[in-house]
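Residues per chain are reported as follows:
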Amino acid sequence: MNAQIYRPSGVGPFPTVILLHGLPGNEQNLDLARAMQRAGWAVITFHYRGSWGSGGRFTLAGSCGDVDALITDVAAPANAAKWHADPKRLVVIGHSYGGYVAACAAARHPELRAVGLIAPWNIAEDVDDLIRLSPAERRAKAPELFDDVDGRLTGADAESLTEEIVAAGRDLDITRFVPALKQRPLLLATATRDSDDDKAIGLSKALGDKTPLLTRRSFETDHPFNDQRLALIAFVLRWLDGLPDAPRSVTAR
């Protein structure tokens, strides 16, 4: 896996964030990674299998297994010592497609201390629109839906991703992870100028009004939070600061 670790100064072990990018990963939120690093968190970023130099073949369903492998690696004593990471204080945060993957990780790994979802993509919400189209119409629409993936993924392109959603998209419904998401602190950041499948509409309904560990904010911005980066970073840092065993106060940063 093509990965990078951002460590704070000192010897640690540091509470650790696994930061998951979207599809295909042009936006990695590295400004957020550096801010968390300055606040005392180790941050691991990586590219999913079959993307940006990581081995293997990319599929929408496959990235949950990549996070499984990474969490196993972080938990190994030799790796934890080498990376100065604390596997007992592990948080996962994902943006867009990475939000789906982060929610998947929450369901598979009860040891995660907290989960952050930033404009999480609910892949299942795109199924109905796509199945109404003929195969020819889907082929024509695919480059519009995924206009930046071709050439960046191994074994996948705009057309194959579209067909994967049609074939298996209902199994990639983020709302099925709600029981696990409710069990720990949950951050949810959405954007008003985003597409509906990234606004967590179905997820919010499934979470309901009585989710005491949920911290939520809607930003007046677009999907990458282009004109609200500093506000997004501050929101995430305040949330991290409120978690048990946070490294130190970050609210002023």
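First things first, this report covers the structure right here in the doc. Just so you know, these numbers come straight off a predicted model, no measurement behind them. (Residues numbered from 1 in each chain as written. Predicted model: local features only at pLDDT ≥ 70, side-chain atom pairs only at ≥ 80, totals over all residues. Heavy atoms only, no water.)

## Examining the state of the cysteines
Part 1 of the argument: For the coordinates displayed, the defined rule picks out one disulfide.
Part 2 of the argument: Here Cys64 connects covalently by a disulfide to Cys104, the sulfurs 2.4 Å from one another. The disulfide joining Cys64 to Cys104 has a torsion of about 140 degrees about its S-S bond and is therefore right-handed. Of this pair, Cys64 sits in helix α2 (residues 63–75) while Cys104 is found in helix α4 (residues 97–108), placing the two residues 40 residues apart along the sequence.
Part 3 of the argument: Taking the relative accessible area as the measure of exposure, Cys64 reaches 4% and is therefore buried.
Part 4 of the argument: Since its relative accessible area comes to 3%, Cys104 is described here as buried. (Disulfide = S-S within 2.5 Å. Helix = DSSP H or I, 4+ residues; strand = E, 2+ residues; numbered from the N terminus. Buried < 20%, exposed > 50% of the residue type's maximum accessible area, 1.4 Å probe, protein only.)

## Focus on the packing of helix α1 (residues 30–38) against helix α10 (residues 229–241)
Part 1 of the argument: With their axes 10 Å apart at the nearest point, α1 and α10 run at an angle of 40 degrees to one another. Taken together, the axes of α1 and α10 lie oblique to each other. The two elements α1 and α10 meet at a crossing, and its hand is right-handed. From α1, Asp31, Leu32, Ala35 and Met36 reach across to α10, where they touch Arg229, Ile233, Val236, Leu237 and Leu240. (Axes fitted to C-alpha atoms, helices over the stretch in contact; angles between N-to-C directions. Parallel < 35°, antiparallel > 145°, perpendicular 65-115°, else oblique. Left-handed = near helix turned anticlockwise from the far one by under 90°. Contact = heavy atoms within 4.5 Å.)

## Section: the packing of helix α6 (residues 135–145) against helix α7 (residues 158–168)
When two helices pack together, you describe them by how their axes are tilted relative to each other and by the distance separating the axes.
Part 1 of the argument: Where α6 contacts α7, the axes come no closer than 8 Å and their chain directions differ by 110 degrees. As summarised for this structure, α6 and α7 are arranged roughly perpendicular, according to the angle between their axes. Facing Arg138, Arg139, Ala142, Pro143 and Leu145 of α6, the residues of α7 in contact are Ala158, Glu159, Thr162, Glu163 and Val166.
Part 2 of the argument: When its residues are assigned to classes, the contact of α6 with α7 shows five nonpolar, one polar and four charged. (Nonpolar A, V, L, I, M, F, W, Y, C, P; charged D, E, K, R; others polar.)

## What about unusual backbone geometry?
Part 1 of the argument: Following Gly12, the chain continues into Pro13 via a peptide bond in cis, with omega recorded as 5 degrees.
Part 2 of the argument: Among the secondary structure elements, Pro13 is positioned in the loop between β1 (3–6) and β2 (14–20).
Part 3 of the argument: Residue Pro24 is reached from Leu23 by a cis peptide bond, and omega for that bond is 5 degrees.
Part 4 of the argument: Here Pro24 shows up in the loop between β2 and α1.
Part 5 of the argument: In the Ramachandran plot, Trp52 falls in the positive-phi region, its phi being about 50 degrees despite a non-glycine side chain.
Part 6 of the argument: Note on placement: Trp52 falls in the loop between β3 (42–46) and α2.
Part 7 of the argument: Although it is not a glycine, Ala200 sits at a positive phi angle of roughly 60 degrees.
Part 8 of the argument: Within the secondary structure layout, Ala200 lies in the loop between β6 (186–191) and α9 (201–207).

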